[in-house]
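Residue strings, one per chain:
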Amino acid sequence: MPIYEGQSVEEAIQNGLKALGVTQDEVQTTIIEEGKKGFLGVGKKNAQVSLEYMAKQETENKSETVNKTEAEAEEDNEKSSEEIETVEEVSDKEAEQAEKLSEGLDNQEALTQLSIYLTDITKELNAPATIKTSRDAGRIVFDLDTSKKGLLIGRHGKTLNALQYLAQVYIHRIAKNKLPIVVNVGNYRQKREDILESLAERTAEKVDRTGMPAFLEPMPAFERKHIHAVLSKKSYVTTHSEGDEPYRYLVVEPAKKYY
């Protein structure tokens, strides 16, 4: 049976109909793969469908109906009842979970849900990770332990910063309280702090030398805060943030002169 692909299920179906020269009413459509958009361009998969002429399908269905015994029919009815009960149970659980989320989860339950959320994302990125949580300077650190650290960190830490942003948005959405979250892979955040301090020093010197403001690359709030803390000790520069998350960035400019 031929298989047709597309970026979405609908596109795959249209590609198949065009290739066969038929309309959708004339075929039986089977979805083989719904496709995945991927995350940050990783893990993307095309949708796949198979198309079968309806006339052939109807003939096969009639044959199956004739050959089916009463016992088989009764078994099918029992299976249908079980499936309905399962769907009802799942719906009840989803409704209960939705009610909890609308009220806001307590801290521990929210953190548990965030661990599951991050675990699922790492699987989608083909870098499955186990997660350990700890506390550091009032922040809750989620350490992602994986054999594919590079995939989760990304070039210049952009993938990790994206995970950081998603985690913070997610926890704010489900938790009763605002919980400061840091997502880390290996010792990247520790090394990053050293890089940020060096960046802060170089930027301050440049601004002081040229008298012109400097615009740093977008970074998470806690990284901007770290640079601000370093530069707050230098009276000749000031800092402030501009832009919207997750593209908010830090501006370093000369301090105003007072006479």
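Notes on the structure in this doc start here. (Residues numbered from 1 in each chain as written. Predicted model: local features only at pLDDT ≥ 70, side-chain atom pairs only at ≥ 80, totals over all residues. Heavy atoms only, no water.)

This part is about the overall build of the protein chain. Per the secondary structure count, the protein chain includes 8 helices and 9 strands. Expressed as a percentage of its 259 residues, the buried residues of the protein chain come to 31%. Long-range pairs, those at least 24 residues apart, make up 57% of the contacts in the protein chain with a sequence separation of at least 6. (Helix = DSSP H or I, 4+ residues; strand = E, 2+ residues; numbered from the N terminus. Buried < 20%, exposed > 50% of the residue type's maximum accessible area, 1.4 Å probe, protein only. Contact = heavy atoms within 4.5 Å.)

Where strand S7 (residues 214-215) and strand S9 (residues 249-254) come together, 2 bridges link them in antiparallel fashion. Its bridge partner lying in S9, Phe-215 is registered against Val-251. For strand S8 (residues 237-242) and S9, the ladder comprises 6 bridges, and the chain directions are antiparallel. Looking at S9, one finds that Thr-238 is bridged to Glu-253. The loop that links S8 with its antiparallel partner S9 comprises 6 residues; one of these, Gly-243, has a positive phi angle of about 90°. (Pairing = 2+ DSSP bridges.)

Along its 18 residues, helix H4 (residues 107-124) runs 26 Å from first to last C-alpha, staying within 8% of the 26 Å computed at 1.5 Å per residue. What H4 keeps buried is the set Ala-110, Leu-111, Leu-114, Ser-115, Leu-118, Ile-121 and Thr-122. Each buried residue of H4 sits inside an arc of 145° when the element is viewed along its axis, so together they form one side. Where H4 terminates, the next one or two residues include Asn-126, which has phi positive at roughly 60°. (Expected span 1.5 Å × (residues − 1). Arc of directions from axis to C-beta.)

With respect to the helices and strands, the residue Gln-168 is situated in helix H6 (residues 158-174). Within polar-contact distance, the side chain of Gln-168 engages the backbone nitrogen of Ile-181 at 3.2 Å. When sequence neighbours within four positions are dropped, the list of residues in contact with Gln-168 reads Leu-179, Pro-180 and Ile-181. (Polar contact = N/O pair within 3.5 Å; in protein donor to acceptor, adjacent residues only side chain to side chain.)

Bringing the sheet that holds S7 into the picture now. The strand order across the open sheet formed by 3 strands is S7-S9-S8, and the pairing between neighbours is antiparallel. Taken across any chain shown, the strands that pair with only one partner, and hence form the sheet edges, are S7 and S8. Sitting on the sheet, helix H7 (residues 188-210) touches S7, S8 and S9, and the angle it makes with S9 is about 40°. Relative to the sheet, helix H8 (residues 221-231) contacts S8 and S9, its axis offset from that of S9 by approximately 15°. (Axes fitted to C-alpha atoms, helices over the stretch in contact; angles between N-to-C directions.)

Before going further, it helps to examine the pattern of salt bridges. Considering all chains together, one arrives at 6 salt bridges under this definition. Note that Glu-223 and Arg-189 form a salt bridge whose closest N and O atoms lie 3.1 Å from each other. One end of the pair, Glu-223, is in helix H8; the other, Arg-189, is in helix H7, and 34 residues separate them in sequence. Salt-bridge contacts for Glu-201 lead to Lys-234; the nearest nitrogen and oxygen are separated by 3.1 Å. With a gap of 33 residues between them, Glu-201 in helix H7 and Lys-234 in the loop between H8 and S8 connect regions that are remote in the sequence. Residue classification places Lys-234 among the buried residues on the basis of a relative accessible area of 17%. (Salt bridge = Lys/Arg side-chain N within 4 Å of Asp/Glu carboxyl O.)

Function cannot be read off these values alone, since they describe shape.
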